[in-house]
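Examining the three-dimensional arrangement
Chain by chain, the residues run as shown.
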Amino acid sequence: MKNRLRVLRAEREWSQADLAERLEVSRQSVNAIETGKYDPSLPLAFRIARLFETSIEAIFTDED
Amino acid sequence: MKESEPSMSWSQRRSPQWLQKTPAARRYAFRLSWAIFAFVVLSFGLSYLSFHGFHPKGIVAYLFAVLPAIAIIATLVSGGMYLGEETDEFQRHLFVQSILWGVGGIMVLTSVWGWLQLYTHIGHFFTIWTFPFFLVFQSVSWQALRWRNR
């Protein structure tokens, strides 16, 4: 699953650690999601969407 | 009574970021250390007593024989508690993956050993080594997975 997490994070000039702190997860989790190694659960995807004030679909797409 | 929180040690603060543990992982490491310590003490304690002529009979023999298993159960319980307490789902995912590596590793080892026992003169594999080997496979793969996803 592709995502725009890195772009959204860069727009706010947040580091992975900054985003991890806001989401209350480890920096490794943010890195794994950004690089597509790990797809977040629905609750975490909602948390990410809420943080960026957008919808889940605007961040995650099911394209390969 | 609330369990005391193992604080981040000096070595943890100084260690690379990927080696730093979540609070739940620190509690797991703390509990696991005690369980392993108990396992070693009970195993070697029983061997020592046995070596020095302590050979209980009947139900007492059974009770003494399964004592180290209590420590093994404690390590499994601490793993289960970690999965319950870890709020970071990716870290949970890595831990579950490491358990699969541990199970896979011990199954391969015991299967290969079993076939070697059948057709070669290799020594007998004592089943009491199954759990320690599983724990080694699981722990090594957990750190390897954490390093790969650093």
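Just above sits the structure.
Just so it is clear, the structure is predicted and the values come from calculations on it, not from any experiment.

Here we look at the nonpolar core
Residues I48(A), F52(A) and I59(A) are the most contacted members of the largest nonpolar core, which totals 34 residues. Ranked by residue count, the leading element in this core is helix α6 (residues 130-148) of chain B, at five residues. Those residues in contact with I59(A) that sit more than four places away from it in its chain are K2(A), N3(A), R4(A), L5(A), L8(A), I48(A), A49(A), F52(A) and T54(A).

Some remarks on helix α2 (residues 16-23) of chain A
Residue and element names in this part refer to chain A. The set of residues buried in α2 consists of Q16, L19, A20 and L23. Down the axis of α2, the buried set is contained in an arc of 100 degrees. They therefore lie on one face. Considering only its buried residues, α2 is in contact with α1 (5-11), α3 (27-34) and α4 (42-51).

Focus: the pattern of salt bridges
A full pass over the atoms with the stated rule returns five salt bridges over all chains. Among the salt bridges present, the one from E85(B) reaches R27(B), with a minimum N-O distance of 3.0 Å. In this pair, E85(B) is assigned in helix α4 (residues 67-85) and R27(B) in helix α2 (residues 23-51), connecting sequence segments 58 residues apart. A relative accessible area of 25% means that E85(B) is categorised as partly exposed. Here the salt bridges share partners, and the residues they tie into one network are R6(A), R9(A) and E34(A).

Things to note about the interface of chain B and chain A
Taken residue by residue, the interface counts ten residues in chain B and twelve residues in chain A. Roughly 990 Å² is buried in total at the junction of chain B and chain A, and carbon and sulfur atoms are behind 41% of that figure. Joining chain B to chain A, the criterion identifies zero salt bridges. Applying the counting rule to chain B against chain A returns six residue pairs in polar contact (both at pLDDT 80 or more). Among the elements that take part in the side of chain B that touches chain A, helix α5 (residues 89-119) of chain B stands out by supplying four residues, more than any other. Its residues assigned to classes, the side of chain B that touches chain A comprises two nonpolar, four polar and four charged.

What to know about unusual backbone geometry
Residues and elements named next belong to chain A. Despite not being glycine, E13 has its phi angle at roughly 55 degrees, a positive value. Inspection of the secondary structure assignment puts E13 in the loop between α1 and α2. Residues other than glycine seldom take positive phi values, yet E53 does so here, at roughly 50 degrees. The topology assignment puts E53 in the loop between α4 and α5 (56-59).

Considering the packing of aromatic side chains
According to the stated counting rule, one finds 15 aromatic pairs over all chains in the structure shown. Relative to F37(B), the ring of W34(B) lies with its centre 5.7 Å away and its plane at 90 degrees, an arrangement referred to as edge-to-face. In this pair, W34(B) and F37(B) are both assigned in helix α2, three residues apart and thus about one turn of the helix distant. Both rings, one in F131(B) and one in F134(B), keep their centres 5.8 Å apart while their planes meet at 40 degrees; by these two values the pair is tilted. Here F131(B) pairs with F134(B), and both are found in helix α6, just three residues apart, close to one helical turn. Side by side, F131(B) and F134(B) carry an identical accessibility label, which is buried. Among the aromatic residues, those joined into a ring-pair cluster are W113(B), F125(B), W129(B), F133(B) and F137(B). The ring of W14(A) carries the charged tip of R22(A) above its face, separated from the ring centre by 4.1 Å.

Rules and cut-offs
Residues numbered from 1 in each chain as written. Chains lettered and ligands numbered in written order. Predicted model: local features only at pLDDT ≥ 70, side-chain atom pairs only at ≥ 80, totals over all residues. Heavy atoms only, no water. Core = buried A, V, L, I, M, F, W, Y, C linked by side-chain atoms within 4.5 Å. Buried < 20%, exposed > 50% of the residue type's maximum accessible area, 1.4 Å probe, protein only. Helix = DSSP H or I, 4+ residues; strand = E, 2+ residues; numbered from the N terminus. Contact = heavy atoms within 4.5 Å. Arc of directions from axis to C-beta. Salt bridge = Lys/Arg side-chain N within 4 Å of Asp/Glu carboxyl O. Buried area = accessible area lost by both parts, 1.4 Å probe. Polar contact = N/O pair within 3.5 Å; in protein donor to acceptor, adjacent residues only side chain to side chain. Nonpolar A, V, L, I, M, F, W, Y, C, P; charged D, E, K, R; others polar. Phe/Tyr/Trp six-rings, centres within 6.5 Å; stacked < 30°, edge-to-face > 60°. Lys NZ or Arg CZ within 6 Å of the ring centre and 35° of its normal.

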